[in-house]
Structure formats: C-alpha cells, structure tokens
Amino acid sequence: MRSRFLHFLKALFSVLIFLCWMPLCAQAPLSALAKAPATPPEAVPAGTTTATANPQPQVAHGARMGGTVTDENGDLVPGATVTLDDGNPADRRTSTTTDNAEFEFTNLKPGVAYHISVHAQGFKDWSSPAVTLDLDQYFFVKDIQLRAVTGDTTVTVTASPVEIATEQVHLEEQQRVMGFIPNFYVVYDGQDSAPMTTKLKFQMAFRAMTDPITFLGTGAMAGIYQASDTPDYVQGAKGYGQRLGMVYTDGLTDLIFGGAILPSLLHQDPRYYYQGTGTKKSRLAHALASPFVCKGDNGKWQPNYSSMGGDLISSALSNLYYPQSDRGASLVFQGFLISTAEREVSTVVQEFVLRKLTPSAKKSRQ
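Predicted model only: the values in this text are computed from it and were never measured.

(A) Broad picture of the overall build of the protein. When helices and strands are tallied, the protein shows nine helices and 16 strands. Looking at the 366 residues of the protein, the share that counts as buried comes to 40%. Of the roughly 20700 Å² of accessible surface on the protein, 59% is carried by carbon and sulfur atoms.

(B) Spatial organisation of the confidence of the model for the protein. A residue-level look at the protein finds 79% of positions with pLDDT of 70 or above and a mean pLDDT of 83. Per-residue pLDDT stays below 50 along residues 1-9; that stretch engages in 13 contacts with residues further than four places along the chain or on separate chains. The low-confidence segment residues 15-60 (pLDDT under 50) makes 57 contacts with residues lying over four places distant or belonging to another chain.

(C) Local environment of a nonpolar patch on the surface. A surface patch of nonpolar side chains, amounting to about 360 Å² of accessible area, comprises Met-178, Phe-180, Val-353 and Leu-357. Residue position: Met-178 is located in the loop between strand S11 (176-177) and strand S12 (181-182). The class of Met-178 is exposed, set by a relative accessible area of 51%.

(D) The arrangement of the sheet that holds strand S1 (residues 63-68) in detail. Reading across from one edge, S5-S1-S9 is the order of the three strands in this open sheet, with mixed pairing throughout. Edge positions in the open sheet fall to strand S5 (102-108) and strand S9 (138-141), since each of these has one partner strand only. Pairs of neighbouring strands in the sheet enclose a mean axial angle of 15°, with direction left out of account. Sheet topology note: the S1/S9 ladder contains four bridges and is parallel. Bridge assignment links Gly-66 to a residue of S9, and that residue is Phe-140.

(E) Seen up close, the pattern of salt bridges. Tallying each qualifying case throughout the model produces 13 salt bridges. Between Arg-147 and Glu-72 there is a salt bridge; the shortest N-O distance is 3.7 Å. Of the two residues, Arg-147 is situated in the loop between strand S10 (145-146) and helix H2 (161-172) and Glu-72 in the loop between strand S2 (70-71) and strand S3 (81-85); the sequence distance between them amounts to 75 residues. A salt bridge links Arg-176 to Asp-211; the nearest nitrogen and oxygen atoms lie 2.5 Å apart. Taken as a pair, Arg-176 in strand S11 and Asp-211 in the loop between helix H3 (198-209) and helix H4 (212-227) lie far apart in primary sequence, 35 residues in all. Residue classification places Arg-176 among the buried positions, given a relative accessible area of 16%. Connected via shared salt-bridge partners are Glu-172, Asp-269 and Arg-271.

(F) Highlighting the packing of helix H5 (residues 236-266) against helix H7 (residues 305-317). Between H5 and H7, whose axes approach to 8 Å, the crossing angle comes to 140°. On the basis of their axis angle, the class for H5 and H7 is oblique. Once H5 is placed against H7, the crossing between them reads as right-handed. Across the interface between the two elements, Asp-250, Thr-253, Asp-254, Phe-257, Gly-258, Leu-262, Pro-263 and Leu-266 of H5 pack against Tyr-305, Ser-306, Ser-307, Gly-309, Gly-310, Asp-311, Ile-313, Ser-314 and Leu-317 of H7.

What counts and how
Residues numbered from 1 in each chain as written. Predicted model: local features only at pLDDT ≥ 70, side-chain atom pairs only at ≥ 80, totals over all residues. Heavy atoms only, no water. Helix = DSSP H or I, 4+ residues; strand = E, 2+ residues; numbered from the N terminus. Buried < 20%, exposed > 50% of the residue type's maximum accessible area, 1.4 Å probe, protein only. Areas by Shrake-Rupley, 256 points an atom, 1.4 Å probe, with all protein chains shown as cover. pLDDT = per-residue confidence, 0-100. Contact = heavy atoms within 4.5 Å. Patch = residues over 30% accessible without salt bridge, like charges linked within 9 Å, V, L, I, M, F, W, Y side chains within 5 Å. Salt bridge = Lys/Arg side-chain N within 4 Å of Asp/Glu carboxyl O. Pairing = 2+ DSSP bridges. Axes fitted to C-alpha atoms, helices over the stretch in contact; angles between N-to-C directions. Parallel < 35°, antiparallel > 145°, perpendicular 65-115°, else oblique. Left-handed = near helix turned anticlockwise from the far one by under 90°.

Structure representation (structure tokens):
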C-alpha cells in the first residue's frame, strides 16, 4: 500500500507533471459624316423649255467632341457620366462611357465654348478647360485621367476559428514556468480563446508527452517510487526501469484519454481557464471546481466528463502492468481519488502562483 508520505510527495511533484499536458490606347471614333444625296431634279414635262436649276448637295454641318476616360493607371473606366456644358442649362447634355470607356457628343455649335466634366463612383470629378470648336471640327479630349478618392479606409482582417485556435495553441506551447517547465494546458486570455480542433488536442498531448522536461520529471518520480519501494516491484535497475515505465504510462494514458480522445468525442476543452480577477475566494472556488467543470467547444461550461473519465480509464488500465499486489477495483478508485486531489492542488497553484512565473504568457498576451 502507498504511504501517506508518498501521497504527499506525489501530489506535490505532480503539480509540475500535470502542467506538461494539463493603359490601353484610346481610339477616337473618326467616322466621317455621311453626305446627303442630291435631291433628284423634278421631271420636266415634254415640250417644256423652262430650264431647271441644278440643286446643290446638302451637307450635315456640326462639330463633334469625344474622348476616352481612364484612371491614373491607364485602366479604362466604363460607366462614367460625362457632362457637356456650354453655360446654358437648357443645352446641357450628358452621356455614359461605353464598355471601351468612350464617349462622343455630336451636332455641336461652332464658336461656342464647351466644358467637359466627368464623374465616376470612387473617383474625383474631372473637368476640362473651355473648348471652342470650328465648323465640322472633331475635337478629341486628351488626358482624361480620374484619380481615386483618398481618405480614411477601414480594413477588417478576419481569420477562421481554426486559424485562430492554431495560433493560440502555438503560443500556449511556448508557455514555461521559469522559462523551462512546460505550462501548456492553461489559457490566460479565456475570453479570446477559440475552440480546439481534434487535431490540436492530439497535437498538444503529443507535444507535452515528448517534451524533455516530461522525461526528466518522469525519471525523478520513478526515483521517489524506488526510494519508497512502491509499487511492489523489485529493487535495482530492473525495478527502477519498471517504475519508470509505470510512471510514464500512467501519465500517457491519462493524457491521451483525458486530454485528447474524450475531449474530442465529447467536444470539451482539456485546458485550465485562468481567472486571475475577482476575490481570492472566487478564484479559489474556480480553481477547485476545474477538475469537475470545463468549457465545452461551444463556449459553455459543462461537467468535466473528459478529465474524470480519463482518470478512471488510466487507473483501470494500470491493472495491466502494476504488480499483482497493487491491482484491484479498490485501487482503481483509489488512484482516481488521488489523481483528482493532484488536480485540485495543481489548479490552485496554477491560479495563484504560476502566472507570475510564466514570462512567455505575458509576451503572448501582448
């Protein structure tokens, strides 16, 4: 049977062990005006000697003005509104640029001063100086380049919950007490925490169980068991090896089932959520309740079936490799109670002590 002194040492040392897991060119339309056909002479009745005048062809007179609207980069701006103004509101005309960003005004009066103005959404308005046309002149308005509207711009950068959770877990895997003891299974900014995916839960468990400090802690705990001659293995190198394997397997099964498999199946978060504010009494109650209450992946608090189930499964599996004298149903429940007590101690220390000793947590929060 394990001595009370051994239980005290195991609970104290497990505080550290559970931390490990816990331009386009513009082309103006240059088509010439079509000449109207001459009016055919009227038929002259036979015997009439009166000569008919030879009528002159009628030519459509009128100046034209056109152009192409682009932006500062030379890209076409279709759909822009082009206004032609000669100072008389009654004669004001508008046009919309085509898919090729072109516009044209026809039948303009010679000798009149015209102004062209261009408006397009997202751009500053553009206007031309006065342009006076000659009879039948075609004038191409050059250098119509619109500038984008500048001002305060709000850019919202979003990320998926999986991306957020992945980055948070990455930061948590850098949390170490005094710079070297793993302190992965704690969330210091719980209000901003994203739910862990199944992959991340197994990733963190693997990261904790393969950390060099975990192996060192396992070796030290096996030494304590060796010195107290428990469980009932032999002494010497063989007994130490058996105890070393026992300690590591205990932690491995508890972490795999309580920190990865059950949290994935039950959609629960295996991490401890640091409170840090409020009265000491409320913080103590929060820490002591942690082995029995956890946060679900839906963000709500719920019974911590994962942690309790992981402890029970780990204790039951220990019957496969513990010495015969340390097996049995009573020892399964005894191991469960001891593991629960260890969690109580570790969460209280986590809430009141380790935050101050984890410098990487302060950096990640900033």
